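# A closer look at the structure
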Amino acid sequence: MAPLRHLTPRTLWGRMLALYSATLLCFLVLGLGTYYHLQFVREIEDVQDTAGMLAEVASLAVEDSVVVGDYETVQRTLAKTLHYSPFRAAAFIDVGGHTLRIAAPPRDGGTPPAAIVGMVAAQLYDVNRPITVGGRDYGVMRLTFDEAAIAQRLWEMIRDAALLAAACVLLSLFAMHRLLRRWLGQLTRLQRYEEDLSSGAADAAARSGDAPLEIEQAMRAVDRITHSIRSRFDQRIDTLIDSLIQHKSALDEACSVCELDPSGRIVAANDRYVTASGYSREELLTMPIDQIGELLEPRRHGRHGASTLTCEVRLADRAGRPHWHRRTVVPIFDAARNVEKYICIEIDITDRRRSEQLALAHARKHEQAAAFARCALVESDYDTLCRLLVRSAAVGLQAECAALLQHADSGERCVAVWPPLHPDARAEADAGTGGGTGRAEVALRWGEARGVLAVQGPAEEGFTDHDRYFLDNLAGTFANAVERHDSSLQLRYLATHDPLTSLPNRAAFGDRLATTIADGGVVQLLVIDLDHFKNVNDTLGHAAGDALLVEATHRLQAALPRRAFVARLGGDEFAVICPPGFTDEAADACAEALVDSLHRPFVLDGQQVFIGASIGIACAPRDGSAADDLVRNADTAMYAAKQHGRARGCRFQGEMNARVARRVALESGLRGALDAGEFTLAYQPKQDVASGRLTGFEALLRWNGPAGPVQPTEFVPVLEDTGMILPVGTWVIHSVCAQVRAWRDAGMPPVPVAVNLSARQFQQDDLVDVILAATRDAGISPSALEFELTESMLMSDPAAAEGILLRLKAAGIGLSIDDFGTGYSSLSYLKRFPLDALKIDRAFVRDLPADSEDLAITRAVIALAHSLGLRVIAEGVEDAAQLASLRANGCDEIQGYLYGEPLPAADCLAIFTGKVLEKTVA
């Protein structure tokens, strides 16, 4: 835009002429462009029409000539076609490839611009006409346009039109120039009139002449304005003088004003300046201005002596009260622009200054309070927090010193002081001296401590209520921070310690064990689990259990060597990290000492309680180089100790992991075995000893796992421990009922089928309902079933067991005791419970009749059962000698491989052919 403004004419007529020229030029270019385009299109169309007509005429003549082979006539026809045509060459090409070419004579005239020639060439193409007579092709006639001749005609037209347009433009501009100069010349006269009027040489009104109407109106407006200015000029001068006098009076009333000579000495002053300065008028006169007041801000000025000076000064009146003034020194110049004198104007800013100081003090206190609050959120060191408190108090109030004092039995004790190197601050703080208006303090309590936060300032200046409020806020923030700090410590303690025993918890134990292993060397780890602790909680309550855990913790700590680390992992499980360098023998001795200490009786609520401890021992890096591996192996050893009788220590062995892995694999495989249909039932027949007939079957659970068949002694305990025995037991009951029905339908005589009940099944509330529902679904009588129970199942809750057995017996279901003699062997339950039979365990049958002790036990069991009206069934009978001994002693039934091994359900029907009975009885 700057170059454009530079090129713009300065005069009005020049700008109007430039605008007119630009507009005329734009319209001229637009019109000529449109005209040229139309002419170009029309010329091209005319040329194409002419060329088409000539080509049509020439092709007719050429056709007539080529039929008779008159090529001379063809040549003359082509030559005639080129005269006065837009073509520059013509040619005839026969089918043999021979060419007859004719060129137009050279044209006269100039050379048109190449751009126009190119435009013409882009629109015109050679004319090719095939010469065909009677369906026979004789060749092609080709006519080539003369682009230069056509472009020359267009160029001459453009040139002539442009010259004519340029002449018209020049004539128009000349006429407009003359008119504008004539019309706008009146403005120049008006300017000269204004100059004469300003100098007083002209009195008459401006004359417009023959100027346009707008200029005449402007000149008449100038006349009116001139007369108005003249009439009001004198009035304004008088008013201005009165206003200056009033402003001077107001300035004297509002400000302190004095007059200075060029050297800066006071030569005159108003009454307010004399009163504010604290001097008499006589003392002020001839005093330099720099001696009046104390400069508070550096002077700000431009060129020395020739610009306004501003500053702030502190004055004291005759009573000694401080005041603050804003001083402005203004130079007054003479006609030669030299400083004639100075005027000093001072405005009282005392109230503003005090407000600013109060605002700054408030901001400073707010900043210190906020900074202390931020630090209190992140600072965890108590001493640092105390130092930050007294520092914030001293800086916020600009006090000489600050101290945090704590009340003690012997007096006040200084906890922190600021500044730290103040020579007398701590002594004064401890003594509690320095009262009066220069001391402020607030009471505070942090944690269990009580004290005061005190600050000491100048004795003549006291602290306000706002200052004490500031101290109170700091004290509150400090108390909250200390409380939060104590809570954080407590939380950190609780995060790493057991709240009941105050021992480190599992998290702290894991960190300590990982660190100990990382330090290298041999690490002995003991994992301790209290035996039968659940019985204490169940019988005496959890309060007694907690008391036992606390006493057990004390015994563990007393029995452990120094530097041993003991932690409670949870529940009744503890862990001990032996000191570095402990050997296997020392760790085993430590475990034995712990077992002994926990084997002694505990006295809870006046009652002696006996528990034990099973301890697993693992050693790093032999049994694991990682903390998790070492703990897992120690746990494995601890469970091995429980399996071997409890109340002992057991060191980890490599094969323990194999057993654990086997159990985990079994548990994983059993999870989906029922849904996958991997369980089957085998039926082992039972034989009457006297008659040799079939008396029933025992249903035995079999599992064909993914890796092959698994022994019941291996997978049934896993089912019991995991609780999967419940759905599997229900499936067994339903399957047995369905099989009994299938046998009856196949013609098998009714014989009972025995099913083993697990302890978890026997504890089901709806066990009887499940059994009866299964018999109803299968359409069989409940008397077709017989259930075998162990002694431990009945004696765990005899009252509940009696109710269940009575319901089963009322439904007609047979009941027998399995593995008699290996459990409680209590005679009272044989009399109490509605039983039908006893099964002698295979352990007593295996060595018959050679073992006299087993024989005596067998006789006693048979005699006892018969005296109570119970049948006796012997398990595990595998040879004739055993059968003979049992028959001689009155055993009722036998079960074992001698009579028949467990068979699939389909093979059980073969027993009724008689071949099996003959074989086994014999």
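Residues numbered from 1 in each chain as written. Predicted model: local features only at pLDDT ≥ 70, side-chain atom pairs only at ≥ 80, totals over all residues. Heavy atoms only, no water.

## As for the overall build of the protein chain
Helix and strand counts for the protein chain come out as 29 helices and 30 strands. Counting over 922 residues, the protein chain shows a buried share of 40%. In the protein chain, the share of contacts with a sequence separation of at least 24, taken over all contacts with a separation of at least 6, comes to 60%. Element-wise, carbon and sulfur atoms account for 55% of the exposed surface of the protein chain, whose accessible area totals about 50400 Å². (Helix = DSSP H or I, 4+ residues; strand = E, 2+ residues; numbered from the N terminus. Buried < 20%, exposed > 50% of the residue type's maximum accessible area, 1.4 Å probe, protein only. Contact = heavy atoms within 4.5 Å. Areas by Shrake-Rupley, 256 points an atom, 1.4 Å probe, with all protein chains shown as cover.)

## Notes on the nonpolar core
Residues F679, Y683, F697, L719, V736, F762 and F787 are the most contacted members of the largest nonpolar core, which totals 76 residues. With eight residues, the top contributor of residues to this core is helix α20 (residues 725–745). Other than its neighbours up to four places away in sequence, F787 contacts I733, V755, L757, I771, I813, G814, L815 and S816. V536, V576, L594 and A613 belong to the second largest nonpolar core, which has 30 residues in total. (Core = buried A, V, L, I, M, F, W, Y, C linked by side-chain atoms within 4.5 Å.)

## Let's talk about the pattern of salt bridges
Summed over all chains, the structure comprises 29 salt bridges. Measuring nitrogen to oxygen at the nearest pair gives 2.9 Å for the salt bridge that ties D467 to K365. One end of the pair, D467, is in helix α12 (residues 465–496); the other, K365, is in helix α9 (residues 350–378), with 102 residues separating them in the sequence. With respect to burial, D467 and K365 carry one shared label: buried. Across the pair K839 and E698 runs a salt bridge whose closest N-O atoms are separated by 3.1 Å. You can see K839 sitting in strand β28 (residues 837–840) and its partner E698 sitting in strand β23 (residues 694–705), a full 141 residues away along the chain. (Salt bridge = Lys/Arg side-chain N within 4 Å of Asp/Glu carboxyl O.)

## A short note on unusual backbone geometry
Cis geometry marks the peptide bond from W418 to P419; its omega dihedral reads 0°. If you trace the backbone, P419 turns up in the loop between β12 (411–418) and α11 (425–431). Residue L848 is joined to P849 through a cis peptide bond whose omega torsion reads -5°. In this structure, P849 sits in the loop between α26 (842–845) and α27 (852–867). Its identity is not glycine, yet S502 carries a phi of approximately 65°, on the positive side. When its relative accessible area of 43% is taken as the criterion, S502 is described as partly exposed. The phi dihedral of D605 is positive, around 55°, even though this residue is not glycine. Its location among the elements puts D605 in the loop between β18 (602–604) and β19 (607–609). Taking the relative accessible area as the measure of exposure, D605 reaches 72% and is therefore exposed.

## Focus on helix α10 (residues 382–397)
Residue pairs three or four apart in sequence face the same way in an α-helix, which turns once every 3.6 residues. Taking 1.5 Å of rise per residue, the 16 residues of α10 would be expected to cover 22 Å, and the 23 Å separating its terminal C-alpha atoms lies within 8% of that figure. All of the buried residues in α10 are L385, C386, L389, V390, S392, A393, A394, G396 and L397. If you check the start of α10, you find a side-chain oxygen 3.4 Å away from the backbone N of D383, and it comes from D381. Two residues or fewer past α10, Q398 is found with a positive phi of approximately 50°. (Expected span 1.5 Å × (residues − 1). Polar contact = N/O pair within 3.5 Å; in protein donor to acceptor, adjacent residues only side chain to side chain.)

## Observations concerning the confidence of the model for the protein chain
Taken residue by residue, the protein chain gives an average pLDDT of 82. The fraction at 70 or more is 87%. Predicted confidence is poor over residues 429–437, with pLDDT under 50, and the contacts of this stretch with residues over four places away or in other chains come to 17 contacts. Scored below 50 in pLDDT, residues 915–922 makes 13 contacts in the model with residues more than four places away or belonging to other chains. (pLDDT = per-residue confidence, 0-100.)

## Comments concerning the sheet that holds strand β2 (residues 99–103)
Strand order in the open sheet formed by four strands is β2-β1-β4-β3, and the pairing between neighbours is antiparallel. Bordering the open sheet on either side are β2 and β3 (127–133), each of which pairs with just one other strand. Taking each pair of neighbouring strands and ignoring which way they run, the sheet shows an average axis angle of 15°. Two strands pair when backbone bridges link them, and strand β1 (residues 87–94) and strand β4 (residues 136–145) are joined in this way by seven bridges, in the antiparallel orientation. Among the inter-strand pairings, F92 is bridged to a residue of β4, identified as M141. Strands in contact with helix α3 (residues 71–82) are β1, β2 and β4; relative to β1, the strand with the most contacts, it is inclined by about 160°. (Pairing = 2+ DSSP bridges. Axes fitted to C-alpha atoms, helices over the stretch in contact; angles between N-to-C directions.)

## Thoughts on the sheet that holds strand β8 (residues 309–316)
Strands sit in the order β6-β5-β10-β9-β8-β7 across an open sheet of six strands; the sheet is antiparallel. With one partner strand each, in any of the chains shown, β6 (266–269) and β7 (294–295) form the two edges of the open sheet. Note that strand β5 (residues 256–260) and β6 share three bridges and pair antiparallel. Bridging from a neighbouring strand, E259 pairs with A268 of β6. The sheet contacts of α9 involve β8, β9 (322–333) and β10 (339–348), and relative to β9 the element is tilted by about 125°.

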